[in-house]
Amino acid sequence: MDIHEYQAKEILARFGVTVPAGGLAYSPEQASYCAREIGGERWVVKAQIHAGGRGEAGGVRLCRTDVEIMQAAADMLGRRLVTRQTDQRGKLVGRVYVEAATAIRQELYLGLVLDRAAERIMVVASRSGGMDIEQIAAESPDSLLRIVIDPASGLVEFQARELAFALALDSGLVPKFVRLLRGAYRAFRDLDATMVEINPLVVTEGGELVALDCKMSFDDNALFRRPRIAELRDRSQEDPRESAAADRGLAYVGLDGEIGCMINGAGLAMATMDMIKLAGGAPANFLDIGGGASPERVLEAFRVVLGDANVKAMLVNIFAGINRCDWVAEGVVAAFRELDVKIPVVVRLSGTNVEAGNRIIAESGLPIVTASTLAEAAEKAVAALRTRSA
Ligand code: GDP
Ligand code: MN
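If you're wondering where the values come from, they're calculated on a predicted model, not measured in any experiment.

Colleague: Please provide a residue-by-residue account of the pairing of strand β15 (residues 285–288), values included.
Modeller: Judged by which residues are buried, β15 turns out to be covered on both faces: Asn285 and Leu287 on one side and Phe286 and Asp288 on the other are all buried. Here four bridges tie strand β13 (residues 251–254) to β15, and the two strands are oriented antiparallel to one another. Residue Ala251 lies in a different strand from β15, and its bridge partner there is Asp288.

As structure tokens, then:
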């Protein structure tokens, strides 16, 4: 789960990271009020969306007057901001963050990520801040510094100090950097984050080290024990298909094709999508019903897949081990009875209670297409789609 910049800044500030003074606004009037409360003569109005690249897309505006602040907020609020990190639809700006502007001397990059190969948290830093990590990696890979943290000792002071030296920070900034990095590390570890990115981390004209832009992501599987983080979720920033599925405890990934897929297990999902491609089709999604799915759960899964207007045919491919084909079949039949199924549905069942499952489907008298192998199921789904659109 991702959160907004201002939320990440509030969290990191609690861990000792210095951030600019700021306030959140939902309207131009509130934005102007925030600026007055902050004081000073220059402010930055920042669109809050779950994507970077806002600066070059008009989502970060430096303002000198009350009128400019209200104008910047009015321009951003209620619009969809398209950046190089969003799709063409962009993301809705529902809130703006107003901050005291910072006089920048130098921009650095600092990120904490989970290094899956090392199974440890890794700190990545660079003197080339302000641009994306992908861009830094492409343009100045030599500037990238990495340290891997041992979970037993945590981030130790000398490691942070070494990184500060490698970044060629002035000696006066070294203790500040150590404090900031240790704070960011503790926030990452204590809150089950999967990513903390401070980009840019700036050295100000006044010689302070300030996190000018922050991003945090959290492990969805740990949210149950982080209720205060879970509360920060902003559904307006998510794919509506994916949030509907998550609400029902289903793993769902939206894709661009026309064939809706309902499967169990990620491996089978991959194989099913490959077979659909091989048969000349394209998957509209990947929905994993998980293990031991009840008929009700299958019905809910149908509701989610059919809720996507792109879905023109559906393929149910279940390889039942812990699952039961008869339960899945009951769910499919219930979906036909309770929902308005207007598209062709191909069902391929295999494994536990497969005979009972196939019988339920055959005896239902419903226009459900069945298949006994995955290849056959994929071909039938693509064929059904072609006949329909012919
Ligand atoms: P992003 O484009 O979504 O990553 O948004 P950022 O918050 O990183 O802002 C983009 C760029 O705007 C930064 O790299 C800075 O160069 C600039 N910027 C942001 N805030 C300030 C500020 O307070 N003062 C100045 N001078 N520039 C800023
Ligand atoms: Mn940034």
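Additional details are given in the paragraphs that follow.
Colleague: An account of the site of ligand 1 is requested, with residue identities and associated values reported.
Modeller: What surrounds ligand 1 is a group of 15 residues, the closest being Lys46, Arg54, Gly55, Thr102 and Glu107. At 2.7 Å, a side-chain N or O of Arg54 approaches an oxygen atom of ligand 1. The side chain of Glu107 places a nitrogen or oxygen atom 2.7 Å from an oxygen atom of ligand 1. Protein chains bury 78% of the 560 Å² of accessible surface belonging to ligand 1 in isolation. Contributions of two or more residues to the shell around ligand 1 are made by β2 (43–47), β7 (104–115) and β10 (193–204). Three or more residues apiece are contributed to the shell around ligand 1 by two domains, here domain 1 (1–19 + 103–238) and domain 2 (21–101).

Colleague: An account of the coordination of the manganese ion (ligand 2) is needed here, citing residue identities and associated values.
Modeller: Here the manganese ion (ligand 2) is held by the protein donor atoms Asn199 (O) and Asp213 (OD), which lie 2.1 to 2.3 Å from it. You can see Asn199 sitting in strand β10 and its partner Asp213 sitting in the loop between β11 (209–211) and β12 (214–218), a full 14 residues away along the chain. Exposure remark for Asn199: the relative accessible area of 10% places this residue in the buried category.

Colleague: Outline the environment of Arg36, supporting the account with residue identities and numerical values.
Modeller: Secondary-structure assignment places Arg36 in helix α2 (residues 28–38). In sequence terms Arg36 and Thr373 are 337 residues apart; their C-alpha atoms lie 67 Å from each other.

Criteria and cut-off values
Residues numbered from 1 in each chain as written. Chains lettered and ligands numbered in written order. Predicted model: local features only at pLDDT ≥ 70, side-chain atom pairs only at ≥ 80, totals over all residues. Heavy atoms only, no water. Buried < 20%, exposed > 50% of the residue type's maximum accessible area, 1.4 Å probe, protein only. Helix = DSSP H or I, 4+ residues; strand = E, 2+ residues; numbered from the N terminus. Pairing = 2+ DSSP bridges. Near = heavy atom within 4 Å. Polar contact = N/O pair within 3.5 Å; in protein donor to acceptor, adjacent residues only side chain to side chain. Areas by Shrake-Rupley, 256 points an atom, 1.4 Å probe, with all protein chains shown as cover. Domains from an automatic or database assignment. Donors = N, O, S within 2.8 Å, 3.2 Å for Na, K, Ca; no water.

Structural measurements only, silent on function.
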